[in-house]
Amino acid sequence: MFEHHKKESPIIGLAGVGGGPASYIFYEASGGGGVKEISRSLRFDKNSQAYMNRTPSSAGSLTTWTLSGWVKRTEFGSYTPILVSADTSSTTEVAFTTGNQLQVADGSTTYRRTNAVFRDPSAWYHVVVIWDTTNSTVADRCKIFVNGVEQTYSAAATISENQGTDINTTDIHYVGRQSNTYTSCYQSDIHFIDGQAKEATEFGFYDDYNNWNPKSYSGSYGSNGFNLTFSNITSTATLGYDT
């Protein structure tokens, strides 16, 4: 379970996933060929110092994991952390940079930073990060997909075989925070898969109009995996329940 925090004022986005009442609602393809609505997102407001955190009781796989989630940015030209794991000496992050690129970085090492910039205020971006340092192909040990498209990179450090990061250790993990820096954005349907490298097509598909849409993930999550749908609105604490 992730704990939810706020300094002041509500941060819960309970409207349609587009961030406004009954707007931009996503649908998932179900196993029976129908549609399933993704009805909730969580709004992070940096002025309220809103974030979520979790500290795993034991480490999962440090060599192989997958992160998937939908993000709608509400501020541009500023640092926007999505998932961060930190200890006293180093920090591993999946985040949008001040240049509006998406990166996976660890301290001063940038494992991947996209050539593309993401600054459409109306867009929901589906972000998938695959970390798999057991892969024999060096270039495939860290990959970023956005809306089903594998990205090209302006920065790409060499990643050693079986190399790990702080993510999936017993360090504290944050959603929407890095140290004393907070984020302003909406996030929805976050999946973390421990011990498996999953392709973006496990979480989304192209429709007949070439639009990228979410679909139900049917695989396992591993020992430290989770799915945050923000669907339990009983209290701010229950928002972080793993569904």
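Residues numbered from 1 in each chain as written. Predicted model: local features only at pLDDT ≥ 70, side-chain atom pairs only at ≥ 80, totals over all residues. Heavy atoms only, no water.

(A) Region of the structure containing the overall build of the chain. Each helix and strand counted, the chain has zero helices and 21 strands in total. Scored against the burial criterion, the 243 residues of the chain give a buried share of 52%. Taking the intrachain contacts of the chain between residues at least 6 apart in sequence as the baseline, contacts between residues at least 24 apart amount to 68%. (Helix = DSSP H or I, 4+ residues; strand = E, 2+ residues; numbered from the N terminus. Buried < 20%, exposed > 50% of the residue type's maximum accessible area, 1.4 Å probe, protein only. Contact = heavy atoms within 4.5 Å.)

(B) Focus on the pairing of strand β5 (residues 51-54). Of the two faces of β5, the one holding Tyr51 and Asn53 and the one holding Met52 and Arg54 are both buried throughout. In this sheet, strand β15 (residues 172-175) lies alongside β5 in antiparallel orientation, the contact comprising three bridges. When the bridges of β15 are listed, arginine 54 appears paired with histidine 173. (Pairing = 2+ DSSP bridges.)

(C) The nonpolar core, seen in detail. Formed by 31 residues in total, the largest nonpolar core has its most connected members in Leu67, Leu102 and Val129. Not counting residues within four places of it along the chain, the set of residues in contact with leucine 67 comprises Leu83, Val94, Val127, Val128, Val129, Ile190, His191 and Phe192. (Core = buried A, V, L, I, M, F, W, Y, C linked by side-chain atoms within 4.5 Å.)

(D) Representation of unusual backbone geometry in the model. Even without a glycine there, the phi angle at asparagine 162 is positive, about 65°. In this fold, asparagine 162 is placed in the loop between β14 (153-155) and β15. For asparagine 162, a relative accessible area of 47% translates into the label partly exposed. Look at asparagine 210: it is not a glycine, yet its phi comes out positive at around 65°. Within the element layout of this structure, asparagine 210 appears in the loop between β19 (204-206) and β20 (212-214).

(E) Quick peek at the environment of threonine 110. By the element assignment, threonine 110 lies in strand β10 (residues 109-114). Among the residues examined, threonine 110 registers a relative accessible area of 16% and is labelled buried. When the C-alpha positions of threonine 110 and alanine 155 are compared, they lie 6.6 Å apart, and in sequence the two are 45 residues distant. The residues contacting threonine 110, other than those within four sequence positions of it, are Gln103, Val104, Ala105, Ala155, Ala156 and Ala157. In terms of polar contacts, threonine 110 uses its side chain to reach the side chain of arginine 113, at 3.4 Å. (Polar contact = N/O pair within 3.5 Å; in protein donor to acceptor, adjacent residues only side chain to side chain.)

(F) Representation of the pattern of salt bridges in the model. Tallied over the entire structure, the rule returns two salt bridges. Two residues, lysine 46 and glutamate 75, come together in a salt bridge whose shortest N-O distance is 3.0 Å. Taken as a pair, lysine 46 in the loop between β4 (42-44) and β5 and glutamate 75 in the loop between β6 (64-73) and β7 (80-86) lie far apart in primary sequence, 29 residues in all. The class of lysine 46 is partly exposed, set by a relative accessible area of 30%. In this structure, the salt-bridge partner of glutamate 199 is lysine 143, at a minimum N-O distance of 3.7 Å. (Salt bridge = Lys/Arg side-chain N within 4 Å of Asp/Glu carboxyl O.)

(G) How the structure looks around the pairing of β15. Looking at chain direction, β7 and β15 are connected through four bridges and run antiparallel. Opposite serine 85, over in β15, you have histidine 173 as the bridge partner.

(H) Geometry of the confidence of the model for the chain. The pLDDT averaged across the chain works out to 83; a share of 79% of its residues lies at or above 70. Note that residues 29-36 has pLDDT below 50 and, in this model, 13 contacts with residues that lie over four places away or in other chains. (pLDDT = per-residue confidence, 0-100.)

(I) Molecular detail of the side chain of glutamine 103. When you line up the elements, glutamine 103 lands in strand β9 (residues 102-106). A polar atom in the side chain of glutamine 103 sits 2.6 Å from the side chain of glutamate 93. Side-chain polar atoms of glutamine 103 contact the side chain of arginine 113, separated by 3.0 Å. Once you skip the residues sitting within four places of it in the chain, glutamine 103 turns out to touch Glu93, Val94, Ala95, Thr97, Thr110, Arg112, Arg113 and Ile144.

(J) Main features of the environment of phenylalanine 205. Positionally, phenylalanine 205 belongs in strand β19. When the C-alpha positions of phenylalanine 205 and glycine 148 are compared, they lie 7.5 Å apart, and in sequence the two are 57 residues distant.

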